[in-house]
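# Residue-level structure breakdown
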Amino acid sequence: MLTRGFKIVQSKRFEVYIEELELIAGSAIVKIETAAICKADLRYYLGSRDARTLNLKYPINLIHEAIGTVVKDPTNSFEKGDKVALVPNLMISKDKQDDFDIDLSSDPRLGENYSAKALFASSSYNGFSKDYIAYPATNLVKIDDSIDLNIAVFSELISVAVAAIRRIILKDDDVIGIWGDGILGYILCSVLKQVHKGPIVIVGHSQNKLDMFEGVKKHLSNDEKIKDENINVAFECIGGIASEGGIDEIMNVCLTGSKIVFSGVAENSIRINTRRILEKGLAIYGVTRSNVDDFKAAAELLKRPDFSHDISKLIIDKTSIYGIKDYYKVFEIEAESRALGKHIMTFKF
Amino acid sequence: MNIAIILAGGKGTRMGIVDQPKQFIDIYGKPIVVHTIEAFDIHEQIDAIAVVCLKEWHEDIKIWTRKYELNKIKWIVDGGETRQESVLNGLKAIEADASPDDIIVIHDAARPLISHRIIVNNIEGAKEFGAVDTVITASDTIIKSLDDDTISSIPVRKELYIGQTPQSFVYSTIYDAHKKAATSELQDSTDDCRLVLDYGKKVHLVEGDKLNFKITTMEDLLLLKSVIKMSKLENI
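The rules behind these values
Residues numbered from 1 in each chain as written. Chains lettered and ligands numbered in written order. Predicted model: local features only at pLDDT ≥ 70, side-chain atom pairs only at ≥ 80, totals over all residues. Helix = DSSP H or I, 4+ residues; strand = E, 2+ residues; numbered from the N terminus. Rg over C-alpha atoms; globule rule 2.2 N^0.38 Å. Contact = placed C-beta atoms within 7 Å. Buried ≥ 20, exposed ≤ 12 C-beta atoms within 10 Å, placed from the backbone. Pairing = 2+ DSSP bridges. Axes fitted to C-alpha atoms, helices over the stretch in contact; angles between N-to-C directions. Parallel < 35°, antiparallel > 145°, perpendicular 65-115°, else oblique. Left-handed = near helix turned anticlockwise from the far one by under 90°. Nonpolar A, V, L, I, M, F, W, Y, C, P; charged D, E, K, R; others polar. Domains from an automatic or database assignment. pLDDT = per-residue confidence, 0-100. Core = buried A, V, L, I, M, F, W, Y, C linked by C-beta atoms within 7 Å. Arc of directions from axis to C-beta.

## Topic: the overall build of chain A
Broken down by element type, chain A carries 12 helices and 18 strands. For a compact globule of 349 residues, the expected C-alpha radius of gyration is about 20 Å, and chain A comes in at 20 Å, within 12% of that figure. Sequence separation of 24 or more characterises 77% of the internal contacts of chain A that already satisfy a separation of 6 or more.

Structure (structure tokens):
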């Protein structure tokens, strides 16, 4: 069938693409319903990556945070009408991997999202900014009918938070610090509130944003009292060049033997105080993306009303996308937005 | 129930091709009519499809139904001598299964770039108003000439729209309008809305899309081929 979608062809330029959609073996056809823009999408839109990398990617459908409706599924994994989250991290078939990749994907604390050969929607293959998509049924995760699709669209970010927690073994009495009052920090905090019994401390730069976090301790960055919290597990959710200062603060205030999980992306190299790592015997973990099981965990969490309520606060507004002009508009608004939350798109073209 | 009637009865004489009507021409491995049917077959608000075409193409439609897994085709109906007759044949064919308040979405097979939104707006519009026509605004000035040689008048552009399909109606309205027209002098209407207007009902407008153009000439075919970009799904 003929589908239509929006591809970015150069910075700040989208084009409508009409493409023939083939139903590949193992795939289901999904109508994309709601979608949200990620920071990575904005980097493509604004052209804020190096020109060579961008030129190798364009033209490409952006968007990897989306919820859709199954309209056809020859694999019989889903009912017609089922709401699903699309898992953007796609492992290639086992026969195309080498032993190293298979080893990685079978380690539950790593998973297939760490395979160098895994593909990622809107980065190494086309994303979800289209009306219909043929997508591997194994990469679809059912979303309960009771869940508002404007909330469910946060599944991808929730799954990334789940993946970050998966990297380490948490004990009930661990004191967790989250650095970053942005959207990932907020979602990670919301997930931890559901799964962790011990204290959770948020460290951020904006009092306004910190005020949105509920049921946890909050500190502005550089507050000397952070040290008194005795944090022994820290999550860095800052990203960019600002993560340098955040990571430095984490290393200075956390206890000896602490575990630190990095989840923010810095385009350029940042400086890290290795002396402090040695002195304190710190363990550092990296986290990237998420896999199908993380999405399943996210779908389960969304069934909890208090969790769903926490996530609903991230909806800044909802825009119906009837055509490319609406799509441009939301990208422009999202690029300018400094608020905690997202502008959710409903695809109606 | 929302029923689509796909009109594939034309002979495509303006195309120049003699052995095949335009709607059966192959575009990247699939006939145009199949691309069009697929847009309705996949649409969650369409319950059943009737395809109206010349008798000699019925078997092909049956083959394509299986080959392309088209699940909603319930009727394959003989086309008439005119568009009006073809639509009436379609309306008669569904009579046993359709209710008077069902929504009928009538669409040209030669408009394969119909969007999901236009189908939604047609169904919702027909439910609300009883009759809707898909139109786009006229961006070029329309010239009226009665002698095919000189300008008779230049109508005010902002009052003009270009009609597309689908045209959608409550079943009883469009069927009654057709039955009435069949007994009148109006036998060759190229537009169902005209029959509904003559029947005394208002027809509301639904915003169309320039991409929803009709493949009528070789130039249209070229345009369609250049619009469809080959997808790059080989990665997954």
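## Here we look at the overall build of chain B
Counting secondary structure elements, chain B contains seven helices and 10 strands. Across the 236 residues that make up chain B, the buried fraction comes to 41%.

## Observations concerning the sheet that holds strand E7 (residues 131-137) of chain B
Residue and element names in this part refer to chain B. Spatial strand order, E5-E4-E1-E6-E8-E7-E9: seven strands in an open sheet with mixed pairing. Each end of this open sheet is capped by a strand with a single partner; those strands are strand E5 (73-78) and strand E9 (204-207). The average angle at which neighbouring strand axes cross in this sheet is 25°, direction not considered. Two elements, E7 and E9, share four bridges in a ladder whose sense is parallel. For threonine 134, the partnering residue across the bridge sits in E9 and is valine 206.

## Focus on the packing of helix H3 (residues 83-93) of chain B against helix H5 (residues 171-182) of chain B
All names here are of chain B. The N-to-C vectors of H3 and H5 enclose an angle of 130°; their axes lie 10 Å apart at closest approach. Regarding the angle of H3 to H5, the classification is oblique. Regarding H3 and H5, the two cross each other, and that crossing is left-handed. Residues Gln84, Val87, Leu88 and Leu91 of H3 touch H5, and the partners they reach there are Ile174, Tyr175, His178, Ala181 and Ala182.

## Regarding unusual backbone geometry
Trans peptide bonds make up most of the peptide bonds, and negative phi angles are found at most residues other than glycine. In the segment running from tyrosine 58 of chain A into proline 59 of chain A, the intervening peptide bond is cis, with an omega of -10°. Considering the arrangement of structural elements, one finds proline 59 of chain A in the loop between helix H2 (51-57) and strand E4 (60-61). Residue threonine 165 of chain B is joined to proline 166 of chain B through a cis peptide bond whose omega torsion reads 10°. Positionally, proline 166 of chain B belongs in strand E8 (residues 161-170). One non-glycine residue, lysine 12 of chain A, lies in the positive phi region at around 60°. Along the chain, the position of lysine 12 of chain A falls in the loop between strand E1 (2-10) and strand E2 (13-20).

## Comments concerning the packing of helix H5 (residues 155-166) of chain A against helix H6 (residues 183-195) of chain A
All names here are of chain A. Axis separation between H5 and H6 bottoms out at 9 Å; the angle between their running directions is 65°. Considering only the axes of H5 and H6, their crossing is right-handed. Of the residues in H6, those touching H5 at Leu157, Ile158, Val160, Ala161, Val162, Ala164 and Ile165 are Ile183, Leu184, Ile187, Leu188, Val191, Leu192 and Val195. Residues of the contact of H5 with H6, tallied by class, amount to 14 nonpolar, no polar and no charged.

## A few points about the environment of isoleucine 136 of chain B
Residue and element names in this part refer to chain B. As for its position among the elements, isoleucine 136 is in strand E7. When the C-alpha positions of isoleucine 136 and cysteine 53 are compared, they lie 27 Å apart, and in sequence the two are 83 residues distant. Residue contacts for isoleucine 136: discarding those within four places in its chain leaves Tyr161, Ile162, Gln164, Gly208, Asp209 and Lys210.

## With respect to the domain arrangement of chain A
All names here are of chain A. What the domain assignment lists for chain A is domain 1 (2-88 + 127-154 + 314-347) and domain 2 (159-286). For domain 1 and domain 2, the distance between their C-alpha centres works out to 30 Å. On the side of domain 2, seven residues touch domain 1, which itself brings six residues to the contact. Looking at side-chain class alone, the side of domain 1 that touches domain 2 contains three nonpolar, one polar and two charged residues.

## A few points about the confidence of the model for chain B
All names here are of chain B. Across chain B, the average pLDDT comes to 92, with 94% of residues at 70 or higher. Low pLDDT, under 50, characterises residues 232-236; the predicted model gives this stretch 10 contacts beyond four residues in sequence or across chains. Interface confidence for the predicted complex, given as ipTM, is 0.86, next to a pTM of 0.91.

## Some details on the interface of chain A and chain B
The partner chain B presents 20 residues to the 26 residues of chain A that form the contact. Counting only elements with at least two residues in the side of chain A that touches chain B, the list comes to E1, E2, strand E3 (27-36), strand E5 (65-72) and strand E9 (132-136) of chain A. By residue number, the principal contributor to the side of chain A that touches chain B is E2 of chain A, which donates four residues.

## Digging into the nonpolar core
With 155 residues, the main nonpolar core has Val30, Ala161 and Leu188 of chain A together with Ile6 and Val51 of chain B as its most contacted residues. In terms of domain composition, this core takes at least three residues from each of domain 1 (2-88 + 127-154 + 314-347) and domain 2 (159-286) of chain A. Apart from the residues within four sequence positions on either side, valine 30 of chain A is in contact with Gly68, Thr69, Val70, Val71, Val84, Leu86, Tyr132, Ile133, Tyr135 and Leu140 of chain A.

## Concerning the sheet that holds strand E16 (residues 283-286) of chain A
Residue and element names in this part refer to chain A. Taking strand neighbours across the sheet as the criterion, the six strands line up as E13-E12-E11-E14-E15-E16 in an open arrangement whose pairing is parallel. Only two strands of the sheet have a single partner each, and these edge strands are strand E13 (217-220) and E16. With direction set aside, neighbouring strand axes in the sheet form an average angle of 20°. The sheet contact formed by strand E12 (residues 200-204) and E13 spans four bridges and is parallel. Directly across from valine 203, in E13, lies its bridge partner histidine 219.

## Observations concerning the pairing of E8 of chain B
Residue and element names in this part refer to chain B. When you tally the buried positions in E8, you get seven out of 10 residues, the bulk of the element. Bridge analysis of strand E6 (residues 103-108) against E8 gives four bridges, and the strand direction is antiparallel. Its bridge partner being in E8, valine 105 is matched across the sheet by serine 168. As defined by bridge partners, E7 adjoins E8 across six bridges and the pair is classed as antiparallel. For alanine 131, the partnering residue across the bridge sits in E8 and is phenylalanine 169.

## Here's the deal with helix H1 (residues 39-46) of chain A
Residue and element names in this part refer to chain A. All of the buried residues along H1 are Asp41, Tyr44 and Tyr45. Viewed along the axis of H1, the buried residues span an arc of 100°, placing them on a single side of the element. Turning to H1, the residues buried within the fold contact E1, H2 and helix H12 (324-336).

## A look at the pairing of E6 of chain B
Looking along a regular strand, one sees side chains alternate from face to face of the sheet. When you tally the buried positions in E6 of chain B, you get six out of six residues, the bulk of the element. Side-chain alternation along E6 of chain B places Ile103, Val105 and His107 of chain B on one buried face and Ile104, Ile106 and Asp108 of chain B on a second face that is also buried.

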